[in-house]
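# Fold and contact review
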Amino acid sequence: MAHSPSRSSQQLPTLPPDTPPFPTSDADIDADDLDSVYGQLVKGVGHEFVTEGNVDELARRAEKDGHPILATELKEWKAPC
């Protein structure tokens, strides 16, 4: 009976040295500019720029632009836990 190697002996793929391991927000984003924040959210980053003051407009825009998952995430962000 063959057994698979343990997790500790498996090699993870290596990325080129200049590739970030996770998507990151742009460094020069204007947190007060809805276009900047929305552009980051569409790329899958920038959630740290969502606030009580911009979440409704961002959710409306995501719905209008055909990003239902993003719109849902924004609505859930606003919901009380």
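Refer to the structure presented above.
Figured I'd write up the structure that's included with this text. Numbers given to residues run from 1 along each chain, matching the order in which its sequence is written. Local features in a predicted model are, by the rule used here, given only for residues with pLDDT of at least 70; side-chain atom pairs are given and counted only at 80 or more, and totals for whole chains, interfaces and linings are based on all residues. Excluded from the side-chain calculation are hydrogens and water; included are all heavy atoms of the structure.

### Considerations on the overall build of the chain
By definition, any uninterrupted DSSP run of H or I lasting at least four residues is a helix, any uninterrupted run of E lasting at least two residues is a strand, and each is numbered from the N terminus. A count of helices and strands for the chain gives three helices and zero strands. Listing each helix as α and each strand as β along the chain from the N terminus yields α-α-α. In the chain, buried positions account for 21% of the 81 residues. With an accessible surface of roughly 6500 Å², the chain has 56% of that area assigned to carbon and sulfur atoms. Partly exposed describes any residue whose relative accessible area lies between the buried limit of under 20% and the exposed limit of over 50%, with all areas from a 1.4 Å probe on protein chains only and scaled to the type maximum. Residue burial considers only the protein chains on display, and all accessible areas are found by Shrake-Rupley using a 1.4 Å probe.

### A few points about the packing of helix α2 (residues 55–64) against helix α3 (residues 68–78)
Two numbers describe how α2 lies on α3: the axes approach to 8 Å, and their chain directions differ by 160°. As far as their axial angle goes, α3 and α2 are roughly antiparallel. The chirality of how α2 crosses α3 is left-handed. Between α2 and α3, the contacting residues are V55, D56, L58, A59, A62 and E63 on the first element and L70, A71, L74, K75, W77 and K78 on the second. Only Asp, Glu, Lys and Arg are considered charged, only Ala, Val, Leu, Ile, Met, Phe, Trp, Tyr, Cys and Pro nonpolar, and every remaining residue, Gly among them, polar. Residues that form the contact of α2 with α3 fall into these classes: eight nonpolar, no polar and four charged. Helix axes use the C-alpha atoms of the stretch in contact, all axes being lines fitted to C-alpha atoms, and the angles between their N-to-C directions lie in the range 0 to 180 degrees. Should an angle fall under 35 degrees it is called roughly parallel, over 145 degrees roughly antiparallel, and 65 to 115 degrees roughly perpendicular, with every other angle called oblique. Each crossing gets its handedness from the near helix: less than a right angle anticlockwise from the far helix is left-handed, clockwise is right-handed. Any two residues whose heavy atoms approach within 4.5 Å at even a single point are treated as in contact.

### Brief notes about the nonpolar core
Among the buried residues, those of types Ala, Val, Leu, Ile, Met, Phe, Trp, Tyr and Cys that are joined through side-chain atoms within 4.5 Å form a nonpolar core. Counting residues in hydrophobic clusters, the biggest one holds 13 residues, and the most contacted among them are V37, L41, V50, L58, A62, L70 and L74. When residues of this core are traced back to their parent elements, those giving at least two are α1 (34–42), α2 and α3. For A62, the contacting residues outside a window of four places in its chain are Y38, H67, L70, A71 and L74.

### A word on the pattern of salt bridges
Salt bridge, as applied in this entry: a Lys or Arg side-chain nitrogen positioned within 4 Å of an Asp or Glu carboxyl oxygen. Applying the stated criterion across every chain, the model contains five salt bridges. Two residues, D35 and R61, come together in a salt bridge whose shortest N-O distance is 2.6 Å. Placement of the pair is D35 in helix α1 and R61 in helix α2, with a sequence separation of 26 residues. A salt bridge links R60 to E57; the nearest nitrogen and oxygen atoms lie 3.1 Å apart. Taken together, the positions of R60 and E57, both in helix α2 and three residues apart, correspond to about one turn of that helix. Shared partners join several salt bridges into a network, and the residues in it are D35, R61 and D65.

### Thoughts on α1
Among all positions of α1, only V37, Y38, Q40 and L41 are buried. The buried residues of α1 occupy an angular sector of 160° when projected down its axis, which confines them to one face. In this structure, the buried residues of α1 make contact with α2 and α3. Within two residues after α1, G44 carries a phi angle of roughly 90°, on the positive side. By arc we mean the arc of the directions from the helix axis to the C-beta atoms, nothing more.

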